[in-house]
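# Structure assessment
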Amino acid sequence: MLLSMRAEVETGLSEALERLGYPTDDLGIERPPDDVDAVLASSVAFRLAEVAGEAPPVVAAELADAFDTSDREYVRTVRTQGPYLNFLPAERYAEATLAAATEDGYGHLDPRDQSVVVEHTSANPTGPVHVGRARNPIIGDPIANLLDYAGYDVERHYYVNDAGRQIAMFTWAYERFDESDLPDPERDRPDYDLVRYYRKGSTFLEEGPEDAVAEAEAEIQAILQGLEEGEAESYDRVSTVVETVLGGMQQTLARLPASFDEFVRETRFMRDGSTEDVVARLRDTEHAVYEEEAWQLDLPDIDKNLVFLRSDDTSLYTTRDLAHHEWKFENFDRAVTVLGEDHELQARQLRSALDLLGHDTDQLETVHLSWVNLPEGGMSTREGTGIDLDDLLDEAIRRARAEVEDRLDGRMRDDELTEADIDRIARQVGIGAVRYDIVARQPTKTITFEWERALDFEAQSAPYIQYVHARASGILDEAEQLPDPTAVETATLDSEAERDLIREIARFPAVVEAAAEGLEPPAVATYAREFAETFNSFYRECPVLDAPGETRRARLALVAAAQTTVANALDILGIAAPESM
RNA sequence: GGGCACGUAGCUCAGACCGGACCAGAGCGUCGGACUUCUAAUCCGACGGUCGUGGGUUCAAAUCCCACCGUGCCCGCCA
């Protein structure tokens, strides 16, 4: 609803400015501070002061007079407070907000008829997903959700690196070593099973006898060549390892949950000839140079040359990724990629090379994530350092369960939680807490992973927000009959707590719009927390079920609207909204 | 050495892209209060900050520009 109100303010203010002969290019519309009784404000008067030859407050008063509120649906009055213009909402604003927010899809913007592919996670299928990698789906999934809410047709892709050296080495190791040479797997799962070969192979190459290592290198090289030449046998050997490990990784990711519409395999772009085709076209560009027996691109504004064809005529990761992105451009209007910060240079080279090939690279956006480190250092699948995401989730659920059981005695609500409820709550709260801890922070900031903080259920955390949903659900549950939200007297909702809550509900679609625009899930996380605070004040001050007549009806409608809003905000973040906890 | 990012209360962060009611807001921690009232995973209060440092632009700077300091990442015919 805030979006509609803003549109009215924009046209109204433009008209007023025009009438007075002022420029209309900068309306200075902003959100007023919480203690101001307005929904929107403008600071134009500051900038107009010089043109007008008057002090800002004088200009503001002049504008307030010129603003025509007679035909406005949502703007009731314009008031000045010093140099600021404050726009106060009409009762219709509250009515429309309640009506809109009780619809299940509240927060979804109008469809745009534009497709976007969100690629995220894309971790190499070398072993179990660790906590460092988990930042990618935990931010990538909400980015996809956000674009979906913003009206795009979204597809979620996981790009599977099945053609690289790592995978060739893994394949060799898997075939070369025997199970009896390996330690027991940490879990009875295919990715935990196979990663042992990967680690064993990696250690062997570093520490093994010289001639055996040379022999292994030759075998790895042969696998890579086989892939390059399109030999079916090489593809089969590699895919045994890749598909098995990937299957295991998907089980972990599904717990978050993060799911994908398509797993796009890198080898696809070797087999269909598109990588070769890219190479041919790159060679014809004026930036192509042949140096040290390899084809390279001397890209504008990038110091480092990009090698796109090795001296042995094989392609590189980035070459194949170029073919991959040309395919994305053919099939989607926009492409968003969520990558680790170590790919920053590679992403710039990719963009620049795509530009060279004649693509509109404005369609391509990249979100870079900084590392999640342990207090003692980084995480690595190959070295086996780091914490498996499964372990983190298990521990989170275990602690959440202990918490639920602790609270059982002091529980005021007289419902009986079944064993199944306790399981459900532990899972929702435990996993929610892990996700919120990561999604709420700016991706550019390095995270040092600490158990205590990641699993703090009382901080600014998921359970705090989930609790609001449970409280709202509890009230609605007991109310039995819900009022028609379009037929309640919103005027009875006149306390500060009620007005604040309406205001927060109304702002949700605008939050979605801005967060989608900037690809910023943390903005939704912050909103959800602020929303929860506002709801909790309302909850404390305004009894719903025991309120008299029309007040009860109106408050019930308000609680229903709040429940939908918080449920959908959590939905964007990929965090469960518990009915009870 | 070069490129990119980050630096805000003791700790973890929001605010920065788009300067304005911010002489800066949360949470944790510490201290003190509130459960006969729709779930206390809640709420209320107190203590706590030269917004890394220095300069500049502006009527106005946490926010924009420059320099410096500190930290992370990258600078492979790896991915």
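Residues numbered from 1 in each chain as written. Chains lettered and ligands numbered in written order. Predicted model: local features only at pLDDT ≥ 70, side-chain atom pairs only at ≥ 80, totals over all residues. Heavy atoms only, no water.

## Some details on the pattern of salt bridges
Here the structure, examined in full by the defined rule, presents 47 salt bridges. Across the pair Arg 187 and Asp 394 runs a salt bridge whose closest N-O atoms are separated by 2.8 Å. Of this pair, Arg 187 sits in the loop between α6 (165–176) and α7 (190–207) while Asp 394 sits in helix α14 (residues 389–408); the two residues are 207 residues apart in sequence, bridging distant segments of the chain. Its salt-bridge partner being Glu 419, residue Arg 401 comes within 2.4 Å of it at the nearest N-O pair. Of this pair, Arg 401 sits in helix α14 while Glu 419 sits in helix α15 (residues 419–439), and the two are 18 residues apart along the sequence. A cluster of three or more residues bridged by salt bridges with shared partners is formed by Arg 187, Arg 189, Asp 191, Arg 255, Asp 390, Asp 391 and Asp 394. (Salt bridge = Lys/Arg side-chain N within 4 Å of Asp/Glu carboxyl O. Helix = DSSP H or I, 4+ residues; strand = E, 2+ residues; numbered from the N terminus.)

## Describing a negative patch on the surface
On the surface, Asp 113, Asp 148, Asp 153, Asp 333 and Asp 571 cluster together to form a negatively charged patch. If you trace the backbone, Asp 153 turns up in strand β6 (residues 153–160). (Patch = residues over 30% accessible without salt bridge, like charges linked within 9 Å, V, L, I, M, F, W, Y side chains within 5 Å. Areas by Shrake-Rupley, 256 points an atom, 1.4 Å probe, with all protein chains shown as cover. Lys, Arg positive; Asp, Glu negative; His and termini not counted. Charge placed at Lys NZ, Arg CZ, Asp CG, Glu CD.)

## Here's the deal with the nonpolar core
Ranked by size, the top nonpolar core spans 131 residues in total, and within it Ile 143, Leu 147, Tyr 158, Trp 172, Phe 449, Ile 505 and Phe 538 carry the most contacts. By residue number, the principal contributor to this core is helix α20 (residues 549–573), which donates 13 residues. Here this core gathers at least three residues from each of two domains, domain 2 (120–373) and domain 3 (389–573). When neighbours within four sequence positions are excluded, Leu 147 is seen to be in contact with Val 116, Val 118, Tyr 152, Val 154, Arg 334, Val 336, Ala 516 and Leu 519. (Core = buried A, V, L, I, M, F, W, Y, C linked by side-chain atoms within 4.5 Å. Buried < 20%, exposed > 50% of the residue type's maximum accessible area, 1.4 Å probe, protein only. Domains from an automatic or database assignment. Contact = heavy atoms within 4.5 Å.)

## Re the domain arrangement of chain A
Assigned domains of chain A: these are domain 1 (2–89), domain 2 (120–373) and domain 3 (389–573). The gap between the C-alpha centroids of domain 2 and domain 3 is 38 Å. With 33 residues of domain 2 in contact, the opposing surface of domain 3 contributes 31 residues. In this assembly, domain 2 packs against domain 3 so that about 2,900 Å² is buried in total across both faces, 62% of it on carbon and sulfur atoms. Across the pair Arg 189 and Asp 390 runs a salt bridge whose closest N-O atoms are separated by 3.4 Å. There are 22 residue pairs in polar contact (both at pLDDT 80 or more) connecting domain 2 and domain 3. Elements with a minimum of two residues in the side of domain 2 that touches domain 3: α5 (131–149), β11 (334–340), β12 (364–369) and β13 (372–373). (Buried area = accessible area lost by both parts, 1.4 Å probe. Polar contact = N/O pair within 3.5 Å; in protein donor to acceptor, adjacent residues only side chain to side chain.)

## Re the sheet that holds strand β9 (residues 294–297)
Ordered by their spatial adjacency, 3 strands build an open sheet running β8-β9-β10, and the pairing between neighbours is antiparallel. The two strands at the open ends of the sheet, each matched to only one other strand, are β8 (288–291) and β10 (306–309). The sheet shows a mean angle of 40° between the axes of neighbouring strands, taken without regard to direction. The pairing of β9 with β10 spans 3 bridges and is classified as antiparallel. (Pairing = 2+ DSSP bridges. Axes fitted to C-alpha atoms, helices over the stretch in contact; angles between N-to-C directions.)

## Some points on the protein's contact with RNA strand B
Taken together, 65 residues are adjacent to RNA strand B, and Tyr 84, Asn 161, Glu 292, Tyr 467 and Tyr 539 come closest. Here Arg 441 contributes a side-chain N or O atom positioned 2.7 Å from a phosphate oxygen of RNA strand B. Between RNA strand B and Gln 460, the relevant distance is 2.4 Å, taken from a sugar or linking oxygen to a side-chain nitrogen or oxygen of the residue. For the surface near RNA strand B, the elements supplying multiple residues, two or more each, are α2 (44–52), β4 (84–89), α12 (317–331), α13 (344–356), α14, α15, α17 (462–479) and α19 (521–541). Considered class by class, the residues forming the surface near RNA strand B number 29 nonpolar, 13 polar and 23 charged. (Near = heavy atom within 4 Å. Nonpolar A, V, L, I, M, F, W, Y, C, P; charged D, E, K, R; others polar.)

## What to know about the sheet that holds strand β3 (residues 75–81)
Within the open sheet, the 4 strands sit side by side as β1-β2-β4-β3. Their pairing is antiparallel. Taken across any chain shown, the strands that pair with only one partner, and hence form the sheet edges, are β1 (29–30) and β3. Here β1 pairs with strand β2 (residues 40–42) via 2 bridges, running antiparallel. Across the sheet, Ile 29 pairs through a bridge with Ser 42, a residue of β2.

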